[in-house]
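Now for the letters of each chain:
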Amino acid sequence: PPSYAQQALETLTRAWNLQRGILDRSRVERPDLVPELRRTAAEICFRMGEHHSSHGDDGAALECFTDAVHVDEAYGPALLALARLC
């Protein structure tokens, strides 16, 4: 059976994929929700990055933190995590 850490990463990945779809649809259907949805997407990416970082995979962590900043350029935790990795 998959470990707890693997299950957590799979759950975060599913959440990220769902959130991207919701964000894409909301840009047209509910633009007023986009800022909040961006923040949620950034938080998911950040948590994925933390997971990778805590398991010694700095390359994957860097990718996730970068994704978080691309989704919400003002998301402070991801900006700080990127600065630490660099």
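Described below are features of the structure shown in this document. (Residues numbered from 1 in each chain as written. Predicted model: local features only at pLDDT ≥ 70, side-chain atom pairs only at ≥ 80, totals over all residues. Heavy atoms only, no water.)

## Some points on the overall build of the chain
The number of helices and strands found in the chain is 4 helices and 0 strands. Listing each helix as α and each strand as β along the chain from the N terminus yields α-α-α-α. In terms of C-alpha radius of gyration, the chain reaches 13 Å, essentially the compact-globule figure of 12 Å for 86 residues. The dimensions of the chain, computed from C-alpha atoms along their principal axes, are 40 × 35 × 15 Å. By residue count, 34% of the 86 residues in the chain fall in the buried class. Looking at the chain as shown, the accessible area adds up to about 5,500 Å², and 55% of this sits on carbon and sulfur atoms. Across the chain, the 9 positively charged side chains and the 13 negatively charged ones have centroids separated by 4 Å. (Helix = DSSP H or I, 4+ residues; strand = E, 2+ residues; numbered from the N terminus. Rg over C-alpha atoms; globule rule 2.2 N^0.38 Å. Buried < 20%, exposed > 50% of the residue type's maximum accessible area, 1.4 Å probe, protein only. Areas by Shrake-Rupley, 256 points an atom, 1.4 Å probe, with all protein chains shown as cover. Lys, Arg positive; Asp, Glu negative; His and termini not counted. Charge placed at Lys NZ, Arg CZ, Asp CG, Glu CD.)

## Quick word on the pattern of salt bridges
Applying the stated criterion across every chain, the model contains 3 salt bridges. Between Arg 27 and Asp 24 there is a salt bridge, with its nearest N and O atoms 2.8 Å apart. Highlighted residues: Arg 27 and Asp 24, both in helix α1 (residues 4-29), separated by 3 residues, approximately one helical turn. On the basis of relative accessible area, Asp 24 is assigned to the partly exposed category, the value being 47%. The salt bridge involving Arg 30 is made with Asp 32; its shortest N-O contact spans 2.9 Å. (Salt bridge = Lys/Arg side-chain N within 4 Å of Asp/Glu carboxyl O.)

## Overview of the nonpolar core
Ranked by size, the top nonpolar core spans 21 residues in total, and within it Trp 16, Phe 46, Met 48, Phe 65 and Ala 78 carry the most contacts. Listed by contribution, the elements that provide at least two residues to this core are α1, α2 (34-54), α3 (58-71) and α4 (76-85). By residue number, the principal contributor to this core is α2, which donates 8 residues. Once you skip the residues sitting within four places of it in the chain, Met 48 turns out to touch Leu 12, Thr 13, Trp 16 and Cys 64. (Core = buried A, V, L, I, M, F, W, Y, C linked by side-chain atoms within 4.5 Å. Contact = heavy atoms within 4.5 Å.)

## Here's the deal with the side chain of Asp 72
Structurally, Asp 72 is set in the loop between α3 and α4. Polar side-chain contacts of Asp 72 include one of 2.8 Å to the side chain of Arg 39. Once residues within four sequence positions are removed from consideration, Asp 72 is found in contact with Arg 38, Arg 39 and Ala 42. (Polar contact = N/O pair within 3.5 Å; in protein donor to acceptor, adjacent residues only side chain to side chain.)

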